[in-house]
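The chain contents come next:
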Amino acid sequence: MELSDIEIKQNLEAIKSELPQGVTLVAVSKTKPIEMLQAAYDAGIRIFGENKVQELVEKHEALPKDIEWHMIGHLQSNKVKYIAPFISLIHGVDSLSLLETINKEGKKNNRVIPCLLQMHIAQEDTKFGMNVNDVLNVVGSEAYKSLQNIEIRGVMGMATFTDNTEIVHQEFKQLKNIFNQLKSQYFANQPSFNTLSMGMSDDYKIAIQEGSTMVRIGSSIFGHRYYANK
Ligand SMILES: *Cc1c(COP(=O)(O)O)cnc(C)c1O
């Protein structure tokens, strides 16, 4: 059974009442039908996160145009063109070459596309992302400096899926440290470098304690997902 509109609204109210000021909620709606997104929209949500390009494009076409769409999944270079005209934030940038592709598509659309660098902080090696050296190499490179149609707004990461909250605390601390290091060394003159995207349904309270400015919450709003959609 999918959740009713009223249950979605209640879930949203409960979550919003716990978010400190300055923490942005991204409602992760992957695999969920348009009607459920509309219910969240009617309850005041204007930022949705999706992880598949085709699904994101279809939902963008079907829903009101004042929604900000965030791409939170792994993004393949050949699909950037489909979201480049309208995407508000790409969370999962994990290489210079992807950044260059996003820049090229941004240019074609005459816009600057906001991006987050995805960092690998979890113990599991299945999660995408760069390590500290990768990131420092990217933002320190001449190639990066020439990109006029992307703007790096911060970093994103996912903690290990574990009941051991100490590990989760440590990993989010580590991500916050990377964010601070980048901010002071490379983005001190860019106030829009202000986004630390960390925290999902199971760990967003810990993420907020560790300084998250943007949480990505799916199942606690819309209920469990019934089929695999990584
Ligand atoms: C699915 C997903 C989420 C939301 O996960 P929930 O556990 O349902 O809150 C957040 N971030 C990313 C990158 C995801 O793929």
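Let me sum up the structure you'll find in this document. (Residues numbered from 1 in each chain as written. Predicted model: local features only at pLDDT ≥ 70, side-chain atom pairs only at ≥ 80, totals over all residues. Heavy atoms only, no water.)

Moving on, we get to the overall build of the chain. From N to C terminus, the chain includes ten helices and eight strands. Rg of the C-alpha trace for the chain: 17 Å, near the compact-globule value of 17 Å for 230 residues, within the 12% margin. Principal-axis analysis of the C-alpha atoms gives the chain an extent of 50 × 45 × 30 Å. Buried residues in the chain amount to 51% of all 230 residues. When contacts within the chain are restricted to residue pairs at least 6 apart in sequence, long-range pairs at least 24 apart make up 61% of them. On the chain, roughly 11200 Å² of surface is accessible, and the fraction owed to carbon and sulfur atoms is 49%. Once the 24 positive and 27 negative side-chain charges of the chain are each reduced to a mean point, those two points are 5 Å apart. (Helix = DSSP H or I, 4+ residues; strand = E, 2+ residues; numbered from the N terminus. Rg over C-alpha atoms; globule rule 2.2 N^0.38 Å. Buried < 20%, exposed > 50% of the residue type's maximum accessible area, 1.4 Å probe, protein only. Contact = heavy atoms within 4.5 Å. Areas by Shrake-Rupley, 256 points an atom, 1.4 Å probe, with all protein chains shown as cover. Lys, Arg positive; Asp, Glu negative; His and termini not counted. Charge placed at Lys NZ, Arg CZ, Asp CG, Glu CD.)

A few words now on the packing of helix H1 (residues 5-18) against helix H2 (residues 34-42). Look at H1 against H2: their axes get within 9 Å of each other, and the N-to-C directions meet at 50°. By the angle between their directions, the pair H1 and H2 is classed as oblique. When you trace H1 past H2, the crossing you get is right-handed. The segment H1 lies against H2, with Asp5, Ile8 and Leu12 engaging Glu35, Met36, Ala39 and Ala40. Per-class residue counts for the contact of H1 with H2 are five nonpolar, no polar and two charged. (Axes fitted to C-alpha atoms, helices over the stretch in contact; angles between N-to-C directions. Parallel < 35°, antiparallel > 145°, perpendicular 65-115°, else oblique. Left-handed = near helix turned anticlockwise from the far one by under 90°. Nonpolar A, V, L, I, M, F, W, Y, C, P; charged D, E, K, R; others polar.)

Along H2, the positions that sit buried rather than exposed are Met36, Leu37, Ala39, Ala40 and Tyr41. Among the structural elements, H1, strand E2 (47-50), helix H3 (53-62), strand E3 (68-71) and helix H10 (219-222) are those in contact with the buried residues of H2. Of the residues trailing H2, Gly44 is marked for its positive phi of about 110°.

All right, on to the nonpolar core then. In a soluble, globular protein the nonpolar side chains are often hidden away together inside. Counting 66 residues, the largest nonpolar core has Phe48, Ile83 and Ile102 as the members making the most contacts within it. A per-element tally of this core places helix H8 (residues 165-186) first, with six residues. Discounting chain neighbours no more than four positions away, the residues touching Phe48 are Val26, Ala27, Ser29, Leu37, Ala40, Tyr41, Ile67, Glu68, Trp69, His70 and Phe222. Membership of the second largest hydrophobic core comes to six residues, among which are Val26, Ile47, Leu89 and Met156. (Core = buried A, V, L, I, M, F, W, Y, C linked by side-chain atoms within 4.5 Å.)

Bringing H8 into the picture now. In a regular helix each residue adds 1.5 Å, so 22 residues correspond to 32 Å; H8 covers 31 Å between its end C-alpha atoms and thus fits that length. Residues Val168, His169, Glu171, Phe172, Leu175, Ile178, Phe179 and Leu182 constitute the buried set of H8. Considering only its buried residues, H8 is in contact with strand E5 (113-119), helix H6 (132-139), strand E6 (150-157), strand E7 (195-197) and helix H9 (204-209). With a side-chain oxygen positioned 3.0 Å from the backbone nitrogen of Glu166, the residue opening H8 is Asn164. (Expected span 1.5 Å × (residues − 1). Polar contact = N/O pair within 3.5 Å; in protein donor to acceptor, adjacent residues only side chain to side chain.)

Turning next to the site of the ligand. The environment of the ligand is formed by Val28, Lys30, Ile72, Met156, Met158, Met200, Ser201, Arg216, Ile217, Gly218, Ser219 and Arg225. Residue Gly218 places a main-chain N or O atom 2.8 Å away from an oxygen atom belonging to the ligand. Between Arg225 and the ligand, the recorded distance is 2.7 Å, taken from a side-chain N or O atom to an oxygen atom. Split into classes, the residues belonging to the shell around the ligand amount to six nonpolar, three polar and three charged. (Near = heavy atom within 4 Å.)

For the rest of this paragraph, the subject is the pairing of strand E4 (residues 89-93). The two faces of the sheet receive side chains in turn, since in a regular strand these alternate between them. Across the five residues that make up E4, a large majority, five, are buried. Relative to E5, E4 is paired through two bridges, and the arrangement is parallel. Of the residues in E5, the one forming a bridge with Ile90 is Cys115. Of the crossover connections in this fold, the one passing from E4 over helix H5 (residues 96-108) to the parallel E5 is right-handed. (Pairing = 2+ DSSP bridges. Right-handed = clockwise from strand over helix to strand, strands pointing away.)

What follows covers the packing of H6 against H8. H8 packs onto H6 with a crossing angle of 20° between their chain directions and a minimal axis gap of 12 Å. The pairing of H6 with H8 is recorded here as roughly parallel in orientation. For the pair H6 and H8, the sense of crossing is right-handed. Between H6 and H8, the residues in contact are Val132, Val135, Leu136 and Val139 and Ile178, Gln181, Leu182, Gln185 and Tyr186, respectively. When grouped by side-chain class, the residues that make up the contact of H6 with H8 number seven nonpolar, two polar and no charged.

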